[in-house]
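The lines below spell out each chain.
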Amino acid sequence: MSSVLYDAQGPRAKQRNVLFTGLFLVALAALAWWVYKSLDDKGQLDWEKWKPFFSGSEAWTTYILPGLKNTVIAAALSMVFALPLGAVLGIARLSDHACIRVPSSMIVEFFRAIPVLILMIFGQALFSEYTNVSSDDRPLYSVVTGLVLYNAAVLAEIVRAGILALPKGQTEAAQAIGLRKTQTMTSVLLPQAVTAMLPAIVSQLVVIVKDTALGGAVLTFADLIAAVSPMSSYYGANTIASFTVVAVIFILINFALTSFASWLERRLRRSKKSTGAVLSAEDMEELNPAATGGTHGTGAGGTI
């Protein structure tokens, strides 16, 4: 018996798969034991290393929560600026006018090709040399600038691909009822593309949250990652415990973000289901007055 994707396994293939699975599980268990033994021998699993996070609020109020606040601020600002900028660049790349399409394409390809860390470092030098931004605020500005430039370029490609993935009949139907290009984009294409693009957009937002850690590691940005070093030194070199707590916090933030996006996607898909309603003359005139001549009659039969 076979399927479209693969042939059914025979007895010998099943035995090999069982054998390989058993060997993999044994190797995985051995690796887990080696990691546990190594950490235990170095005292990283002692309760004293983990106690500050479970038996008091000092570690949280002094190190973790301030770092979390800065991480959330940097990520939120980057999202607020990167999303609309990416949408504008993505739509501009689809323009019929070369004077709009070509510069937009050059901007997107340029910033998408540069590592985000280099953009942050350039931002740090830019704000240091040519602005009056204080040294305390400069790391935040640099991190947000790098994240916005890079992620806006990536989001622009997501938007462009999402719009191009729609059936051509959507554009043709909009043109058939007299909609202009701008109306077609804002009223027909974008609302449908947003639902399809949402998983990719959320994945990029998760990248934004994680990439804020680059600022803490390189630009002395006081985020969660930067809080690990002083926290570990103060509590007796509990590096593993500190990094574990910070990693769990990042997981929870990103899980909450993806969960919200999944809920929003389901809601959008339900709201976009057709109700079979027919547009009235008033609806058509409100959507595109030019197609109906700008007026509609009020006489018998309600003719246009």
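Please read these numbers as outputs of a predicted model, since none were measured by experiment. (Residues numbered from 1 in each chain as written. Predicted model: local features only at pLDDT ≥ 70, side-chain atom pairs only at ≥ 80, totals over all residues. Heavy atoms only, no water.)

A. Spotlight on the overall build of the protein. The number of helices and strands found in the protein is eleven helices and zero strands. Mapped in sequence order, the helices and strands of the protein form the string α-α-α-α-α-α-α-α-α-α-α. For the protein, with 304 residues in total, the buried portion stands at 32%. Taking the contacts inside the protein whose residues are at least 6 apart along the sequence as the reference set, 70% of them involve residues at least 24 apart. Here the protein displays about 18,700 Å² of accessible surface, and carbon together with sulfur accounts for 66% of that area. (Helix = DSSP H or I, 4+ residues; strand = E, 2+ residues; numbered from the N terminus. Buried < 20%, exposed > 50% of the residue type's maximum accessible area, 1.4 Å probe, protein only. Contact = heavy atoms within 4.5 Å. Areas by Shrake-Rupley, 256 points an atom, 1.4 Å probe, with all protein chains shown as cover.)

B. Representation of the nonpolar core within the structure. Ranked by size, the top nonpolar core spans 45 residues in total, and within it Phe53, Ile64 and Val143 carry the most contacts. Counting residues per element, this core draws most heavily on helix 6 (residues 138-164), at ten residues. Every residue in contact with Val143, bar those within four places of it in the chain, is listed here: Ala74, Met120, Thr212, Gly215, Leu219 and Phe221. (Core = buried A, V, L, I, M, F, W, Y, C linked by side-chain atoms within 4.5 Å.)

C. Quick peek at the packing of aromatic side chains. A complete count under the given rule lists eight aromatic pairs for this structure. Where Trp47 meets Phe54, the ring centres are 6.1 Å apart and the plane angle is 25 degrees; that geometry is what we call stacked. Judged by its relative accessible area of 49%, Trp47 falls in the partly exposed class. Among the residues examined, Phe54 registers a relative accessible area of 57% and is labelled exposed. With a centroid separation of 4.8 Å and 85 degrees between ring planes, the pair formed by Tyr234 and Tyr235 is classed as edge-to-face. A relative accessible area of 16% means that Tyr235 is categorised as buried. An aromatic cluster of three or more residues is present, and its members are Tyr63, Tyr234 and Tyr235. (Phe/Tyr/Trp six-rings, centres within 6.5 Å; stacked < 30°, edge-to-face > 60°.)

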